[in-house]
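# Descriptive analysis of the structure
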Amino acid sequence: MQNDGKDLHPRSRQGPLHQDPTATAAAPHQLSKPAYLLSAEETLRELNANPDNGLTVEDATARLEVVGLNVLEGGGGINPIRILAGQIFNAMVLVLIMGMVVSFSIKSWIEAGVVTSVVIINVVVGFFQEYSAEKTMDSLRSLSSPTATVIRNGHIVTVRSADIAPGDIVEVKTGDTIPADLRLIEAMNFEADEALLTGESLPVAKQVDIIFKEEDEVGVADRINIAYASSTVTKGRAKGVVVQTAMTTEIGKIAQSLRGGDSKVRKVRRNEEGHAKFQYYLEAGALTFADQVGRFLGTNVGTPLQRKLSWLAIFLFLIAALFAVICVAANEFRKEQAVILYAVGTGLSMIPASLVVVLTITMAVGTKIMVSRNVIVRKLDSLEALGAVTNICSDKTGTLTQGKMVVRKAWIAAEGTFAVSETNAPINPTAAQISLDKSMPHEVAKIPKTQAQIQAESPWRNALDFIESGYVQHYLNIATFCNIATVSKRNDSEEWDARGDPTEIAIQVFASRFDWNRKKFTHSENPSWSQIAEYPFDSDVKRMSVIYREFRGNPEKGYNEWAFMKGAVERVLDACTHIQLKDSKVPLHEEWTRIVIKNMEALASQGLRVLALASREWVDHVEEWGSHPRADVERNMTLYGLIGLYDPPRPESAGAVKDCHRAGINVHMLTGDHPQTARSIAVDVGIIPKNINTLSSDVISSMVMTAAQFDRLSDAEIDDLPVLPLVIARCAPSSKVRMVEALHRRKKFVAMTGDGVNDSPALKRSDVGIGMGMAGSDVAKDASDIVLTDDNFASILNAIEEGRRTFDNIKKFVLHLLAENIAQACTLLVGLSFKDASGLSVFPLAPVEILWIIMITSGFPAFGLGMEIASDDTMLRPPHDIKVGIFTTEILVDMGVYGVYMAALCLASFMLVVFGFGDGQLGSNCNDRYSESCELVFRARSTTFTCLTWFALILAWEMVHMRRSFFRMEGKPENPWTLWARNVWRNQFLFWSIFTGFVTIFPIIYIPGLNTIVFKHRPIYWEWGIVFLESALFVAGIELWKFCKRVYFRHYGEKVENPEIELGGLTFSRYASFATSEVTV
């Protein structure tokens, strides 16, 4: 805290004095004058706010009803006009519109009316479906919006920044985005980046006790007692009361100008003198025009998959135009209505009109399902990328482990090794007992003892029995004061509350077992200790230091000042020159350093996270702690001991890691813990082999490396390793970046977790950045692609499975739609050879029949395929290649085989009716109207239409799994004879879509007028035999093709490389000669 602690509470020394919280104000969220002109106490009083207990939930809700949500107005949202324009102006709908215009121009009123109806239905249905999808995505985006830590009802809770109300007490720390304008009431080395608001490039140091006067005319940038909304905390921590929200904040006042910064006009290139040549203006204009065309066609907006499908739409548009020209050319460019209609029908046959809408809905549904599985998708690109992940780099604490720390061991060098008994109440200081073994941890580990021996030599006792020792007291001073967590008992019950980081909570609970809670010394009527300064934990220095003043100390000054430190053992040892033993303080020479390291390793081998505690008496006078160098404080320390904390693995972590391995995904643990601790947890969850102890020390050292060892290697040496380390201990943010780059050089697709500010570079460089929703900073969340709401490693697996499911479903409906388009186009193109007496081609499928198949027969089953659940082999296949995307060789070949096979059967049905069982006469003008001479053609056309419709519906069911038989979609079914029926009914949207498609064929064929005038076909009778026979042949052909695929992929397909199997072999044999078995810490 700045100014020698003057901004602290005069009695508790932990925050400013505040007025009676029960006092009321005329308007509970109004201030008499701007907050920077008021003291913290005045601000709290006028806002009727309590800095310790915060607002009640009811009070906060009431205030929100008055002032509204804490959001900036007009910043984005859903634009119905843009959605409607997108439905109209895309290549696929434009083909339909062109067909409509042509139909009207040739006065083919029925076809024109039907095409118009199709366009309207397509646009309206597409608009409402995409609008619904946008609403879903908008609601999901709100879930990933910045959050804030507030005090409500006396408890620290995390809420959406939008739900912040005036008078809320907000706590912020390094990496957080400030949710509203705050009048600071506590600050500790607090600095904020306000460049967005003020343009100031350097962070601004804040102070609490500054009060400005109105006549001073202080500008926004100089109001250092205010923390502004949207600024980022770059250093320290603070607590503040909300004084302005939403558009009344300083950033809200300039929100409109901020929103205007996204120009769609390319900047003109200029030379070194700042001048622009004429060709530079032409270049900028051409690029801007190209950008606008790309936006119009969708080729430079949206996700990579959406852009690919936009290019596909353009390609199909060109193919449709080409086919139309072929139709006209095949009929000698005659300008008759029948020829033009045939050309229109052939062009329309290549357009999967529902493709874009189905894709949008499928991705929206996928993101919604992700939320139910504790994953929030921030960027849609990641939904496609998740299925391609080959390597996951995960943190340990709170992700692979539960994040519920409890102190198990504490070594006080002057006393011995304390142990804490098992407890089911980790934050209750009274719920466990303590034992003391006079031996050091490494000595205890050397001599195995029975439980009875341990109990006899070190009986469990009340912690207060050990408090008489001055060494224990000083050790507890470090533990309780070098700590920002709070542990307190509720006033209205016997339960305990804890606030803060899990590690610090565990240490504070340990100190509280000895009745050494920090509040006892800082919040009493006559506080004996007060905090002067703090140097927070940093992922680079890996330690934390505080300066505290003891008022009952030196009689000359009236107080003593102490510097307390805790952190990673190696980093604390670097700052220590002595160690406190029973009789005296001795120099920390090489031998004692080695003993401390052995004790640390003994504790770490038990899976404990080990920290060191040290202190020194502070005798120097410092005028301004805010600018005092950290290095001057963190030196000449005296080591008092170690503390070991246990964070048990999550029960589901081992299973999740195993499932990752089965899916061909390798898992790396990148943690700040000691190598022994990291290794113990990695073995427990299965990241490294269970038989690691049977391997040589060189192999072990190559599996588990420290960041120092890893960073010493050059890029060439890292690339020469047979595999990258599975565990990197004492990991720094820069090591994470190097790990990502090393994996990229091996052509791997990387997912990286991160929660701190310094993790942002690694998150951005990874292919899928994974932020932590509970423990992560706002900066890390902003840099991530997805956010885990429960910080659980198993949720990463859920995200990958859902990503693969979504990607598989997209492939299924794309294959289904395009195979039908190929079938229709081939049928019509080959059908050009069927010519009537006048020499005109007779189409085997009428234009309205084509539109019916495109919109009804194909569209709804495609939606159903997009909703398919993941198959049981989804996570047994290798990750897909993100560069290839959905159009794999398998998809392209399947598309051709299914499309051509359907076309062959359709043409066969047409020819059987006309030439096989008929007289081969194609009548006259059968493309325009029905006559007796067209009876045979109309019945053949009806048979062909029925066959193609049923083929399309059957294909949808066959596409539920692209390789397995329709009759056995699961690998090991319980009852294989009824499995097909269960699979058919499982996806009810798909079932009813297909069922409706089968049923609606009958009214279309048999209703008079509708059949002959609109669809241009006639009722069929004996021809049903052809339909049933060809349907059976179609199913048999698809099943035969799938069987051939299974045989092929069983022998030549890409196999899953299970890392467990790979690592169980001789993977590390080459590295053994390079590695060193010497332990480096």
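Thresholds applied
Residues numbered from 1 in each chain as written. Predicted model: local features only at pLDDT ≥ 70, side-chain atom pairs only at ≥ 80, totals over all residues. Heavy atoms only, no water. Salt bridge = Lys/Arg side-chain N within 4 Å of Asp/Glu carboxyl O. Helix = DSSP H or I, 4+ residues; strand = E, 2+ residues; numbered from the N terminus. Buried < 20%, exposed > 50% of the residue type's maximum accessible area, 1.4 Å probe, protein only. Expected span 1.5 Å × (residues − 1). Pairing = 2+ DSSP bridges. Axes fitted to C-alpha atoms, helices over the stretch in contact; angles between N-to-C directions. pLDDT = per-residue confidence, 0-100. Contact = heavy atoms within 4.5 Å. Parallel < 35°, antiparallel > 145°, perpendicular 65-115°, else oblique. Left-handed = near helix turned anticlockwise from the far one by under 90°. Nonpolar A, V, L, I, M, F, W, Y, C, P; charged D, E, K, R; others polar. Patch = residues over 30% accessible without salt bridge, like charges linked within 9 Å, V, L, I, M, F, W, Y side chains within 5 Å. Areas by Shrake-Rupley, 256 points an atom, 1.4 Å probe, with all protein chains shown as cover. Lys, Arg positive; Asp, Glu negative; His and termini not counted. Charge placed at Lys NZ, Arg CZ, Asp CG, Glu CD.

Moving on, we come to the pattern of salt bridges. Overall, the coordinates contain 42 salt bridges when judged by the stated rule. Its salt-bridge partner being Glu250, residue Arg223 comes within 3.7 Å of it at the nearest N-O pair. Taken together, the positions of Arg223 in the loop between strand 5 (204-205) and strand 6 (226-227) and Glu250 in helix 7 (residues 250-253) put the pair 27 residues apart, joining distant regions of the chain. Per residue, the accessibility class of Arg223 equals that of Glu250, and both read buried. One salt-bridge network, held together by shared partners, links Asp715, Asp719, Arg738 and Arg745.

Glancing now at helix 27 (residues 733-745). Each α-helix winds once per 3.6 residues, and so residues spaced three or four apart point in a common direction. Given a rise of 1.5 Å per residue, 13 residues ought to cover 18 Å, and the 19 Å separating the end C-alpha atoms of helix 27 matches this to within 8%. Buried residues of helix 27: Pro733, Ser735, Lys736, Val737, Arg738, Met739, Val740, Ala742 and Leu743, and no others. Immediately downstream of helix 27, the backbone of Lys747 shows phi near 65°, a positive value.

As a further point, take the sheet that holds strand 27 (residues 786-788). The mixed open sheet is built from 8 strands, whose spatial order is 8-27-26-25-9-22-24-23. Across the chains shown, the open sheet's two edge strands, defined by having one partner strand only, are strand 8 (375-377) and strand 23 (704-706). Averaged over all pairs of adjacent strands, the angle between strand axes in this sheet comes to 20°, irrespective of strand direction. The pairing of strand 22 (residues 666-670) with strand 24 (residues 727-729) spans 2 bridges and is parallel. Note that in strand 24 the partner of Leu670 across the bridge is Ile728.

With that out of the way, let us pick up unusual backbone geometry. Although it is not a glycine, Ser230 adopts a positive phi angle of roughly 75°. Mapped onto the fold, Ser230 is located in the loop between strand 6 and strand 7 (232-244). Within the chain, Asn636 stands out as a residue other than glycine whose phi angle is a positive 55°. Judged by its relative accessible area of 39%, Asn636 falls in the partly exposed class.

Across the protein, the average pLDDT comes to 82, with 87% of residues at 70 or higher. Contacts of residues 1-28 to residues separated by more than four positions or lying in other chains number 83 contacts, the stretch itself having pLDDT below 50. Counting contacts from residues 256-262, a segment whose pLDDT is below 50, to residues more than four positions away or on other chains yields 5 contacts.

Turning our eyes to something else, we now look at the environment of Ser838. Positionally, Ser838 belongs in the loop between helix 30 (793-831) and helix 31 (847-857). Among the residues examined, Ser838 registers a relative accessible area of 35% and is labelled partly exposed. For the pair Ser838 and Asn925, spaced 87 residues apart in sequence, the C-alpha separation works out to 8.2 Å.

So, on to the pairing of strand 7. Strand direction decides the pairing type here: strand 3 (residues 169-173) and strand 7, joined by 5 bridges, are antiparallel. Its bridge partner being in strand 7, Lys173 is matched across the sheet by Arg237. As judged from the 10 bridges shared by strand 4 (residues 181-193) and strand 7, these two strands associate in the antiparallel manner. Within the sheet, the bridge partner assigned to Glu191 lies in strand 7 and is Lys235.

Attention now moves to the packing of helix 11 (residues 337-348) against helix 30. For the pair helix 11 and helix 30, the least separation of the axes is 8 Å and the interaxial angle reads 155°. Judged on the interaxial angle alone, helix 30 and helix 11 are roughly antiparallel. Pair helix 11 / helix 30 crosses with left-handed handedness. Contact residues: Tyr342, Gly345 and Thr346 in helix 11; Leu828, Leu829 and Gly831 in helix 30. Split into classes, the residues belonging to the contact of helix 11 with helix 30 amount to 3 nonpolar, 3 polar and no charged.

What follows concerns a negative patch on the surface. Together, Glu214, Glu215, Asp216 and Glu217 give the surface a local cluster of negative charge. Here Glu214 lies in the loop between strand 5 and strand 6.

Moving on to a nonpolar patch on the surface. A cluster of nonpolar side chains, contributed by Ile856, Phe860, Met867 and Phe989, occupies part of the molecular surface with about 310 Å² of accessible area. Within the secondary structure, Phe989 sits in helix 36 (residues 988-1006). Overall, the relative accessible area of 35% leaves Phe989 in the partly exposed class.

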